[in-house]
Amino acid sequence: MKSIIPIFTIIIGLGIAGLWIKDIIGGRFKGNFFKWQDGDNVMWPRISVEFLTAIMLLMSGVGTLLNAGWAQVLTFFSLGAIFYASFDSLGWAFAKKGRWAYTILMLVGLVGSVTFIAIIITELVGKF
């Protein structure tokens, strides 16, 4: 089960980055990056933190596959970030019926992150 964690983090990291890149290239946002809006929401903080989360997920996945000593700590924090992002985004996804595909993605991120955080904590507790 432990070997699936880096694959999960890499897939989710690529997915997050891919969805935002698709929206940006597709022209969803116009003009100055710091003025991008979605309804009443300014988007630069959200986009920035989601790209940072994607980078952390990718780094932790690759680091784990390469047996880097720092990877487990980064994996724990990046899974926490995806837990928060997935849970928070469910409010947006549930708001309109046409967003069901995003809802599925958010639920995968939420369930996967909780499961893998539990596995990492269980392994850490077992070492003491």
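This is a predicted model, so every value here is computed, not measured.

Section: the overall build of the chain
Moving on, step 1. Within the chain, the regular secondary structure consists of four helices and two strands.
Moving on, step 2. Listing each helix as α and each strand as β along the chain from the N terminus yields α-β-β-α-α-α.
Moving on, step 3. Across its three principal axes, the chain shows a C-alpha extent of roughly 50 × 30 × 20 Å.
Moving on, step 4. Within the chain, the fraction of its 128 residues that count as buried is 35%.
Moving on, step 5. A fraction of 61% describes how many contacts in the chain between residues 6 or more apart in sequence connect residues 24 or more apart.
Moving on, step 6. When the accessible surface of the chain is totalled, it reaches about 8,000 Å², and 73% of it is carbon and sulfur.
Moving on, step 7. Averaging the locations of the 10 positively and 6 negatively charged side chains of the chain gives two centres separated by 4 Å.

A look at the pattern of salt bridges
Moving on, step 1. Under the defined criterion, the tally for this structure stands at five salt bridges.
Moving on, step 2. Linking K22 and D23 is a salt bridge whose minimum nitrogen-to-oxygen distance equals 3.5 Å.
Moving on, step 3. Classification of D23 as buried rests on a relative accessible area of 12%.
Moving on, step 4. As a salt-bridge pair, R46 and D88 come within 2.6 Å of each other at their nearest N and O atoms. A residue pair is termed long-range when its members are at least 10 positions apart, and R46 in helix α2 (residues 44-65) and D88 in helix α3 (residues 71-94) qualify at 42 residues.
Moving on, step 5. Judged by its relative accessible area of 25%, R46 falls in the partly exposed class.
Moving on, step 6. Each of K22, D23, R28 and D38 takes part in salt bridges that share partners, so that together they form one network.

A short note on the packing of aromatic side chains
Moving on, step 1. Scanning all chains against the criterion turns up nine aromatic pairs.
Moving on, step 2. Between the aromatic rings of F33 and W36, the centroid separation amounts to 5.1 Å while the plane-to-plane angle is 75 degrees, which identifies the pairing as edge-to-face.
Moving on, step 3. Judged by relative accessible area, which is 28%, F33 ranks as partly exposed.
Moving on, step 4. A centroid spacing of 5.3 Å and a plane angle of 70 degrees characterise the contact between F34 and W44, whose relative ring orientation is edge-to-face. In this pair, F34 is assigned in the loop between α1 (4-25) and β1 (37-38) and W44 in helix α2, connecting sequence segments 10 residues apart.
Moving on, step 5. Clustering of aromatic rings is evident, with ring pairs tying together W20, F29, F33, F34, W36 and W44.

A look at the confidence of the model for the chain
Moving on, step 1. Predicted confidence across the chain gives a mean pLDDT of 91, with 98% of residues reaching 70 or more.
Moving on, step 2. Within the chain, the lowest mean pLDDT, 84, falls on β1, and the highest, 95, falls on α2.

Rules of the game
- Residues numbered from 1 in each chain as written.
- Predicted model: local features only at pLDDT ≥ 70, side-chain atom pairs only at ≥ 80, totals over all residues.
- Heavy atoms only, no water.
- Helix = DSSP H or I, 4+ residues; strand = E, 2+ residues; numbered from the N terminus.
- Buried < 20%, exposed > 50% of the residue type's maximum accessible area, 1.4 Å probe, protein only.
- Contact = heavy atoms within 4.5 Å.
- Areas by Shrake-Rupley, 256 points an atom, 1.4 Å probe, with all protein chains shown as cover.
- Lys, Arg positive; Asp, Glu negative; His and termini not counted.
- Charge placed at Lys NZ, Arg CZ, Asp CG, Glu CD.
- Salt bridge = Lys/Arg side-chain N within 4 Å of Asp/Glu carboxyl O.
- Phe/Tyr/Trp six-rings, centres within 6.5 Å; stacked < 30°, edge-to-face > 60°.
- pLDDT = per-residue confidence, 0-100.

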